[in-house]
Amino acid sequence: MDEEENEGRLLEEGEAPKIPEEKFEYLDHTADVQLHAWGADLKESYEQVAMAMFNYMTTDYSKVEMKHVYEVEVSGEDLLSLLYQFLDEFLFIFSAEPFYIPRVVQITEFDTENFKIKAKGFGEPFDISKHPQGTEVKAITYSNMQVHADKEMHDVFVIIDI
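Residues numbered from 1 in each chain as written. Predicted model: local features only at pLDDT ≥ 70, side-chain atom pairs only at ≥ 80, totals over all residues. Heavy atoms only, no water.

Named according to an unreviewed UniProt entry, the protein chain is Archease domain-containing protein originating from Elysia chlorotica. Of the protein chain, the UniProt comment under Sequence similarities (unreviewed entry) reads exactly: "Belongs to the archease family." (UniProt positions renumbered as here; feature names shortened; annotations may be inferred.)

So this is what it looks like as structure tokens:
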């Protein structure tokens, strides 16, 4: 995707998605935090872990309004690298202008055979006067990263460097 094409755009009336039920938790980890998310399928689990990461970055995630949509495309070599690239791309759009924080992340294409994801983040630029700052996420790590797709609930575990 051309970087100039993907600067985010204003949402049209009625385009914002419904805010999904939170299906994630934070687990203690030495000097870092482990995100644990789950869903009915891997797509939902990946969406949930992205929202868990952003929820950790502000103390009041409910203040993030869905005014813009930002699209990302990533690929990997397996499910773990795909998860890493997915989260890393969203972390990048938060860390660089326009410092974008999505309230909802929706995967529009999830190809587990060719390991590709297309997703949309619905949110707005981060504004410290509006969004209480939580803990800065410095990086996504592969340390103890896990994707479990063989159970009724599909779990993912990701340690983020804080």
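That covers the picture; the talk isn't over yet.
(A) Looking closely at the side chain of N55. Positionally, N55 belongs in helix 1 (residues 42-56). With a relative accessible area of 17%, N55 lands in the buried category. If we ignore the near neighbours within four places in the chain, the residues touching N55 are E22, F24, Y26 and Y61. (Helix = DSSP H or I, 4+ residues; strand = E, 2+ residues; numbered from the N terminus. Buried < 20%, exposed > 50% of the residue type's maximum accessible area, 1.4 Å probe, protein only. Contact = heavy atoms within 4.5 Å.)

(B) Layout of helix 2 (residues 79-95). Along its 17 residues, helix 2 runs 24 Å from first to last C-alpha, staying within 8% of the 24 Å computed at 1.5 Å per residue. Residues of helix 2 that are buried: S81, L82, L83, Y84, F86, L87, F90, L91, I93 and F94. Its side-chain oxygen at 3.2 Å from the backbone nitrogen of L80, D78 defines the N-terminal cap of helix 2. (Expected span 1.5 Å × (residues − 1). Polar contact = N/O pair within 3.5 Å; in protein donor to acceptor, adjacent residues only side chain to side chain.)

(C) Main features of the nonpolar core. In this structure, Y46, M53, L83, F86, L87, F90 and I140 are the most contacted members of the largest nonpolar core, which totals 45 residues. Mapped onto this core, the elements with two or more residues apiece are strand 3 (32-39), helix 1, strand 4 (68-75), helix 2, strand 5 (100-111), strand 6 (116-125) and strand 9 (154-161). Examining the composition of this core, we find that nine residues originate from one element, helix 2, more than from any other. Discounting chain neighbours no more than four positions away, the residues touching F86 are Y46, E47, A50, V74, V105, I107, I117 and A119. (Core = buried A, V, L, I, M, F, W, Y, C linked by side-chain atoms within 4.5 Å.)

(D) Broad picture of the sheet that holds strand 6. Spatially, the four strands line up as an open sheet ordered 1-4-6-5, and their pairing is antiparallel. Strand pairing shows two members of the sheet lacking a second neighbour, strand 1 (9-10) and strand 5, which therefore form its edges. Summarising the sheet, strand 1 and strand 4 pair through two bridges and their orientation is antiparallel. Among the inter-strand pairings, R9 is bridged to a residue of strand 4, identified as V69. (Pairing = 2+ DSSP bridges.)

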